[in-house]
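Read off the chains here:
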Amino acid sequence: MHWFTTVELAQYDGRNGAPAYIAYAGTVYDATHSFLWQGGRHQVLHAAGVDLTGSLDQAPHGADLLARLPVIGRLRERMDNG
Amino acid sequence: MARVAREMVERAGINVDTLLELLVKNASAELTTFYYYTILRVNLIGLEGEGIKEIAETARIEDRNHFEALVPRIYELGGQLPADMKEFHDVSACPPASLPKNPTDVKAMLTVLVEAERCAVRGYTQICNMTAGKDHRTYDLSLAILNEEIEHESWFSEFLGEGPSGHYLRRGETSPFVRKFLE
């Protein structure tokens, strides 16, 4: 299991052919091949390469949809902060 | 463009360009779903499939109505539809409702249908949340569409055995909530 820093995660923003990774509650998911994350953007309002933990409360869905994405690692800062 | 109408929405604190992008994405989802549901409908055959065909057809026609109802609002706010049909497909707010590998698997067909409706319910909930109390016309339209999408979800969910929908099939005309935007 790979441990990401937020700086490293930011490289995977889905733009210019980069993979699209997103973090939620300390887990990093690979959204590269998701139709809903094309180009590293999701429903206009969200971008890949960041920790979306605080954003999901505002989304019209729960974390269950993230479980459909492959887990690619863990987010170090999130874990360090408990 | 309806200049003052757009100005009112901007002054209410809404980023109109963001809203327009969401409206175009959801309009794209409606039109592409209309297309994919056409394929699903013709493949709903046999003893099990025929029982679902009529309701899939109602959802198909209402999704087309949703597209038709959204287009004027997009242009009122100064937006436009993609000029390219392929782009239209690719910007859709929902994944393609593709025919399952085994079209005789009615449960797989229903799963595609209910997933498409659930995506739509999420999309219009987001637009309603964004526009409530700020952009009355977009809210009214999105709420009308949301009402119909929720019924579609309920119908297919019921067929999947997830519990009673509490609804009856349409009797006669389609789009009881969205019709006022089509006249």
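Placed above this text is the structure.
Thresholds applied
- Residue numbering note: each chain is counted from 1, following its sequence as written.
- Chain A is the first chain written and ligand 1 is the first ligand written, with later ones labelled in order.
- Selection of residues for local features in this predicted model requires a pLDDT of at least 70, selection of side-chain atom pairs for listing and counting requires 80 or more, and totals for whole chains, interfaces and linings are taken over all residues.
- Helix numbers and strand numbers start at the N terminus; a helix is a DSSP run of H or I with at least 4 residues, a strand a run of E with at least 2.
- Radius of gyration: C-alpha atoms only; globule rule: 2.2 Å multiplied by the number of residues to the exponent 0.38.
- With C-beta atoms placed from the backbone, a residue counts as buried when 20 or more other C-beta atoms lie within 10 Å of its own, as exposed when 12 or fewer do, and as partly exposed for counts between those limits.
- By the convention adopted here, residues are in contact when the distance between their C-beta atoms, placed from the backbone, does not exceed 7 Å.
- For two strands to be treated as a pair, DSSP must find no fewer than two bridges joining them.
- All axes here are fitted lines through C-alpha atoms, helices being fitted over the stretch that makes contact, and every angle between N-to-C directions spans 0 to 180 degrees.
- Here, a nonpolar core denotes buried Ala, Val, Leu, Ile, Met, Phe, Trp, Tyr and Cys residues that are linked to one another through C-beta atoms within 7 Å.

Student: Mind showing me how you'd approach the overall build of chain B here?
Tutor: When you go through chain B residue by residue, the secondary structure sums to 6 helices and 0 strands. Secondary structure of chain B in N-to-C order comes out as α-α-α-α-α-α. At 17 Å, chain B has a C-alpha radius of gyration in line with the 16 Å of a compact globule built from 183 residues. Counting over 183 residues, chain B shows a buried share of 37%. Across chain B, the fraction of contacts at a sequence separation of at least 24, relative to all contacts at a separation of at least 6, is 74%.

Student: I'm lost on the environment of B:Arg73 in this one. Help?
Tutor: Residues and elements named next belong to chain B. Among the secondary structure elements, Arg 73 is positioned in helix 3 (residues 46-76). A tally of 22 C-beta atoms within 10 Å means that Arg 73 is categorised as buried. Along the backbone, Arg 73 and Val 178 are 105 residues apart, and their C-alpha atoms lie at a distance of 13 Å. In this view, Arg 73 contacts Leu 23, Arg 137, Thr 138 and Leu 141; residues no more than four positions away in its chain are not counted.

Student: Looking at this model, I keep getting lost on the sheet that holds strand 3 (residues 27-30) of chain A. Mind explaining?
Tutor: Whether parallel or antiparallel, the strands of a sheet pair through hydrogen bonds between backbone atoms. Residues and elements named next belong to chain A. A sheet is described by the order of its strands in space; here 4 strands give the open sequence 1-6-3-2, paired in mixed fashion. Of all strands in the sheet, those bounded by a partner on one side alone are strand 1 (2-4) and strand 2 (21-24). Direction aside, neighbouring strands of the sheet carry axes that sit 35° apart on average. Here strand 3 pairs with strand 6 (residues 71-75) via 3 bridges, running antiparallel. Counterpart to Tyr 29 in the pairing with strand 6 is Val 71.

Student: Help me understand the nonpolar core in this model?
Tutor: The nonpolar side chains of a soluble globular protein tend to be buried with one another. Counting 42 residues, the largest nonpolar core has B:Leu23, B:Tyr37, B:Leu40, B:Leu110, B:Leu113 and B:Ile145 as the members making the most contacts within it. Every element with two or more residues in this core is listed here: helix 2 (16-43), helix 3, helix 5 (106-131) and helix 6 (136-159) of chain B. No other element matches the 12 residues that helix 2 of chain B contributes to this core. Grouped together as the second largest cluster of nonpolar side chains are 14 residues, A:Phe4, A:Tyr21, A:Ala23 and A:Trp37 included.

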